[in-house]
Structure formats: structure tokens, C-alpha cells
Amino acid sequence: MHLVTIKIMSVVVSLWAGLFMAVTAQATFQVVEDFENLALGNINGQNGWLATPGSGFVVLDPSDGNNQVMKVITESGNLRKGISIKQGTKRMLFLRFRFEEHCEFSFGLSPVVSPYRHIHFGPELGMASATAADPNNEFRVANGFLPHGIYDELKTIAPGTWYNIWILVNNALSTYQVWMNSVCGGKAQATDLLVNSDGESLFRFRTSTNNDLINFFIKTACGASPIDGHFYLDDIFLEDTGDINLNNPLPPRVVPPLLMLLLLNEYSTNR
């Protein structure tokens, strides 16, 4: 076999080995929901989801027709699915998020059996309603440390972009931290930690609790906004340990056919 071919095959093997190691290293992230095995259409009643009629749908990813995601209408509604973070423990929550034009919406975790109000949130993340004069594209979190007001605006984000979000939930102290980036399959870096205008990265739950967090909860509220809009969620994962894990639980995207094409091309060129 030609030496160049041997070298390229070695690279292929190394890439596949690296992929295996990456997946193995991230095995402590457990999938809560990736929507892949659900039927297209209304999310209510599928895989434990309960939703206000017309508020959530399983659809094809607007940027990848081979992927299924959840589309949430931001007019006014509540959606939830069971999750478990025990009182006194810490866990990393990961998800992917993308927004378009929107009314007010929030997503996060709740200790309430049937949450339907904003005060039922522990960790709460989201965006304010867009208006005719202001798109309100600031990503925000509820922060119980604030002496006045409810929300800290953390980052201006762009519509039509998938964002990775990591949330370190401390259900012993009712606090959380948030990392965000838009790197496809990328891990979070130290610079991705979101901070408020005072440079603070530690936020207190919207409502502190001494109970387990038992629901992934979504609350939308259109109010007087003339724009209904929607956002998307996908790939919700939860760590099964208290370790800080800033890896991306989705495996790196490797395209073996392209590698094989390069291999064959190199082989034919150097025969």
C-alpha cells in the first residue's frame, strides 16, 4: 500500500478514535428530550409533554431537514415535561435554543407539580416581548438577588441562530450560572459564562425552594405585543453527577464519506 495512503488511513482511524473518546467522555449527560422519535405535530401528550393546546409542535429543524425539534408559539401558553434535580444537589442542564420574532417567553425548571405562573420557576431564562419599535433581542434570566426588578439582561442574540446553553443548577442554594455560545457541537469556554451589568455570573432562582425540581417548564405570555412569533428547543440533556461539565453532549460531526473521498483521490493521484 502506498505510504501516503497509509498515512491518510491513520488519520481516519485517529479521527474515529477521537470521536469514540469524545462520546465516552460525555456519557454522563443523559438525554431528557431530543424529539427524534416523536411524531410531527402537536407535542401535547407525547413522551411526557403536557402543553396548552396550540402552544407546541414537533417540527423539522429549520436549518436541518434531518433533525426534529420543538417549535413553541409565544402567544400565551404553558408546556412542561418531568425532570428531576433533587433538593441539595447540583446538576448541569444542557439544551439548544433558537428564536425568531417573539412575544415574552421563559423556560427553565420548576418544583411545582403543575406550573403555570412565572413565580413557579426556579431557574428562569428567556426574552421579553418584541414590540413594533424594539425587537427586544436580549437574552435574560430571573435573578432573585436583585433588590429591584426581576430580570438581568445578559446578552444580545440574533434570530435564526442555534445557541448552546449550559446551566449549572445548585438546588442546595437556589442559585444558577449560565454559559452560551453558537458553536455547532462546540464546548463552552470560560468566556461563554454570561454576566450581568455588574459583572456578576451567579443568579438566584426566581422563587427559591426547599423541594426537588421536578419539571422542565416553559411559559409564554404575549401581553400587548403585536408580534406572536415562536422559538425552538432541541437536545435537552441533564448531567447525572454534580460535576461541572461544559462539554457538548452532542457528538462531533464527522463526515466519513468525505474522508474516504480524500483517501481515494490521494491513492489515485499517487499510484
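Residues numbered from 1 in each chain as written. Predicted model: local features only at pLDDT ≥ 70, side-chain atom pairs only at ≥ 80, totals over all residues. Heavy atoms only, no water.

1. Side note on the environment of Met70
- Tracing the sequence through the fold places Met70 in strand 5 (residues 64-73).
- For Met70, a relative accessible area of 0% gives the class buried.
- Met70 sits ten residues away from Leu60 along the chain, and the two C-alpha atoms are 8.3 Å apart.
- Apart from residues lying up to four places away in sequence, Met70 is in contact with Phe35, Ile43, Trp49, Phe57, Leu79, Ile218, Phe231, Tyr232 and Leu233. (Helix = DSSP H or I, 4+ residues; strand = E, 2+ residues; numbered from the N terminus. Buried < 20%, exposed > 50% of the residue type's maximum accessible area, 1.4 Å probe, protein only. Contact = heavy atoms within 4.5 Å.)

2. Some details on the sheet that holds strand 11 (residues 151-156)
- If you trace the seven strands from one edge of the open sheet to the other, you get 3-6-15-8-9-10-11, paired in antiparallel fashion. The strands lining the two open edges of the sheet, one partner per strand, are strand 3 (50-51) and strand 11.
- Where strand 9 (residues 124-127) meets strand 10 (residues 138-142), two bridges bridge the pair, whose relative direction is antiparallel. Across the sheet, the residue bridging to Gly126 is Arg140, located in strand 10. (Pairing = 2+ DSSP bridges.)

3. Points about the confidence of the model for the protein chain
- For the protein chain, mean pLDDT is 87; residues scoring 70 or higher make up 81% of the total.
- In the predicted structure, residues 3-27 sits below a pLDDT of 50 and forms 22 contacts with residues beyond four places in sequence or in another chain. (pLDDT = per-residue confidence, 0-100.)

4. Observations concerning the nonpolar core
- Core analysis: the largest hydrophobic core is formed by 43 residues, its most contacted members being Phe97, Phe107, Phe139, Ile165, Phe216 and Ile218.
- In this structure, Ile218 is in contact with Trp49, Met70, Val72, Gly77, Asn78, Leu79, Ser106, Phe107, Phe231 and Leu233, ignoring residues within four places of it in sequence.
- Grouped together as the second largest cluster of nonpolar side chains are nine residues, Phe94, Trp166, Leu168 and Phe237 included. (Core = buried A, V, L, I, M, F, W, Y, C linked by side-chain atoms within 4.5 Å.)

5. As for the pattern of salt bridges
- Overall, the coordinates contain seven salt bridges when judged by the stated rule.
- For Asp235, the salt bridge identified is with Arg96, shortest N-O distance 2.8 Å. With Asp235 in strand 16 (residues 229-239) and Arg96 in strand 7 (residues 90-102), this pair connects stretches of sequence that are 139 residues apart.
- Using a relative accessible area of 8% as the deciding quantity, one classes Asp235 as buried.
- Measuring nitrogen to oxygen at the nearest pair gives 3.0 Å for the salt bridge that ties Glu100 to Arg98. Like Glu100, the residue Arg98 is buried in the burial classification. (Salt bridge = Lys/Arg side-chain N within 4 Å of Asp/Glu carboxyl O.)

6. Comments concerning unusual backbone geometry
- Phi at Asn136 is positive, roughly 50°, even though this residue is not glycine.
- Locating Asn136 in the fold gives a position in the loop between strand 9 and strand 10.

7. Here's the deal with the packing of aromatic side chains
- This model, assessed by the stated rule, comprises 17 aromatic pairs.
- Each ring, one from Phe35 and one from Trp49, has its centre 6.0 Å from the other, and the planes form 25°; the classification is stacked. With Phe35 in the loop between strand 1 (29-33) and strand 2 (41-42) and Trp49 in the loop between strand 2 and strand 3, this pair connects stretches of sequence that are 14 residues apart. As far as the burial class goes, Phe35 and Trp49 line up, both buried.
- Three or more aromatic residues link up through ring pairs in this structure, and these residues are Phe97, Phe99, Phe105, Phe107, Phe139 and Phe231.
- The cationic tip of Arg96 hangs over the ring face of Trp162; the distance from NZ or CZ to the ring centre is 4.3 Å. (Phe/Tyr/Trp six-rings, centres within 6.5 Å; stacked < 30°, edge-to-face > 60°. Lys NZ or Arg CZ within 6 Å of the ring centre and 35° of its normal.)

8. Quick word on the environment of Gln87
- Take Gln87: it is sitting in the loop between strand 6 (76-85) and strand 7.
- The class of Gln87 is partly exposed, set by a relative accessible area of 29%.
- Each C-alpha atom of the pair Gln87 and Asp212 lies 4.6 Å from the other, and the pair is 125 residues apart in sequence.
- Sequence-distant contacts of Gln87, defined by excluding residues within four places in its chain, comprise Asn171, Ala172, Thr209, Asn210, Asn211 and Asp212.

9. Re the side chain of Gln68
- Following the sequence through the fold, Gln68 ends up in strand 5.
- At 2.7 Å, the side chain of Gln68 forms a polar contact with the backbone oxygen of Phe35.
- Once residues within four sequence positions are removed from consideration, Gln68 is found in contact with Asp34, Phe35, Glu36, Leu38, Leu40, Val58, Val59, Leu60 and Asp234. (Polar contact = N/O pair within 3.5 Å; in protein donor to acceptor, adjacent residues only side chain to side chain.)

10. Focus: the pairing of strand 16
- The buried count for strand 16 comes to eleven of eleven residues, which makes it a mostly enclosed element.
- The pairing of strand 1 with strand 16 spans four bridges and is antiparallel. Across the sheet, Val31 pairs through a bridge with Phe237, a residue of strand 16.
- Note that strand 5 and strand 16 share four bridges and pair antiparallel. For Lys71, the partnering residue across the bridge sits in strand 16 and is Tyr232.
- Where strand 7 lies against strand 16, seven bridges are found, and the strand directions are antiparallel. Across the sheet, His102 pairs through a bridge with Gly229, a residue of strand 16.

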